[in-house]
Amino acid sequence: MDSELHELSAGYALDALESEERDAFERHLSGCAQCQEDVASFWEVAGALAVVADGSSPSPELRNRILADARAETQTVVSLDSRRRVFPVLAAVSAAAAAVVIGLGIYATSLNRDLDSTRSALTAQENAAAVLADPTATSVALQSGNGRLVVAGGGSAVLVLDNLPAAPTGKTYQAWIVDDQTPISAGTFEATDDRAIVPIPQAVPAGAVVAVTVEEAGGSISPTLPPLAASEPV
Amino acid sequence: MRKHLAHLSDEALVALVARGDDSALAELYDRVGRAAYGLAFRVLRDDRLAEDAVQDAFLAVWRTAAAFRAERAKASTWILTLVHRRAVDVVRREERRRVEPLDDATRDAATSESAEDAAWLGFERERVQDALRKLPDGQREAIELAYYGGYSQSELAERLGQPLGTIKSRMFAGLARLRELLDDGAEEGSWTPNYTS
């Protein structure tokens, strides 16, 4: 089994794993020094393939758009302060693990909650801020419940729920991505101040619905119906 | 105005970006943007989508630069990884069916690069193509279709009529071999063009 997982380092570095396998491999990766090394070196190989990919150039406006967007964001969302607060937490993680995490960037599809829950929470917050601030993000209405689902490029999504009371004692809220297949858990969360901002850790595919259920504390492997809130299809 | 940045490494630029220095982001874009776009375009085959992928990736750099660790990855590799993942997400999400890998001949579009850049790129392209050619056909095919075409391993298994396990093994063996071949090349000092020969 381990050697099978090990072999996935190549597919992982080339972004060629299906999401389920990618999640499984990321869990393995956080504890496997050999795979971390392989992924890092395979990324370098991929970088060489990238450099020779194509001879065409982007339009000159692209540079201006990137800089304009970056400047606009500095003032509004990701303040220096919030970045500094994140920094020491990240530094506490081993360099190798951090290198893996940064490689995933904000497109990480699963935050490894086992590795360091604090770091995950902060990363999730940053990701949520990024999605909410994305000018190209779209807002999807809820078919039940109060709030909206904000979806940015690549299916990065944040569920914003209003008027949500704290879950009953011994219970928790759990988010789900419901495609035409088995619902996938998007993690448990709590409501504070009658509001919940829930970063969805996986990409939400087109046509899928994000739903919320009430589950026993610790979460469930399948949703207990009916859902408390559900979005329109993305 | 950005002359003072020219001598800095890519990794040092990322550190400046983490402190909110937008001129460092501009310098990074000037160094890596073209390769990033070339990669995105190769995967997406659409200039607007390719530019969007590059834009998203550079904004991700802007937002998450503080988390970057230079010990294990080059900054340019990190950026290209972000671009690739984004491009593949889009290609799969939009169900854009990908065509065959480009011929070598169609790849050399006219560009505004300097003669020096062109020489380096030409050399580097030759080096990587050489290494790719040394791979067994099945390994090369799996790597090219996955990386440039955005196909997942299971899509490849179906498309090529091979067991999934075979595709996984080929991809791993091929990348490991490619890593060896490219390392050998680098040790011979062939990373920079030799104008005298």
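Use the structure listed above.
Residues numbered from 1 in each chain as written. Chains lettered and ligands numbered in written order. Predicted model: local features only at pLDDT ≥ 70, side-chain atom pairs only at ≥ 80, totals over all residues.

Our next topic: helix α4 (residues 75–93) of chain B. The end-to-end C-alpha separation of α4(B) is 27 Å, in line with the 27 Å expected for 19 residues at 1.5 Å each. When you tally the buried positions in α4(B), you get 18 out of 19 residues, the bulk of the element. (Helix = DSSP H or I, 4+ residues; strand = E, 2+ residues; numbered from the N terminus. Expected span 1.5 Å × (residues − 1). Buried ≥ 20, exposed ≤ 12 C-beta atoms within 10 Å, placed from the backbone.)

If you trace the backbone, B:R179 turns up in helix α9 (residues 164–187). Judged by C-beta crowding, with 18 C-beta atoms within 10 Å, B:R179 ranks as partly exposed.

All right, on to the nonpolar core then. Generally speaking, nonpolar side chains in soluble globular proteins are found buried as a group. Ranked by size, the top nonpolar core spans 84 residues in total, and within it B:A36, B:A40 and B:V83 carry the most contacts. Broken down by element, this core gets its largest block of residues, 14 residues, from helix α2 (residues 22–44) of chain B. Not counting chain neighbours up to four residues away, the residues in contact with B:A40 comprise B:A50, B:A53, B:V54, B:V83 and B:A87. If you look at the next biggest cluster of nonpolar residues, it comprises 31 residues, including A:A130, A:L161, A:F189 and A:V210. (Core = buried A, V, L, I, M, F, W, Y, C linked by C-beta atoms within 7 Å. Contact = placed C-beta atoms within 7 Å.)

Turning to the packing of helix α3 (residues 33–51) of chain A against α4(B), a few remarks are in order. For the pair α3(A) and α4(B), the least separation of the axes is 9 Å and the interaxial angle reads 75 degrees. Put simply, α3(A) runs roughly perpendicular to α4(B). Every residue of α4(B) that contacts α3(A) at A:W43, A:E44, A:A46, A:G47 and A:A50 is listed here: B:S76, B:T77, B:L80, B:T81 and B:H84. Tallied by class, the residues present in the contact of α3(A) with α4(B) amount to four nonpolar, five polar and one charged. (Axes fitted to C-alpha atoms, helices over the stretch in contact; angles between N-to-C directions. Parallel < 35°, antiparallel > 145°, perpendicular 65-115°, else oblique. Nonpolar A, V, L, I, M, F, W, Y, C, P; charged D, E, K, R; others polar.)

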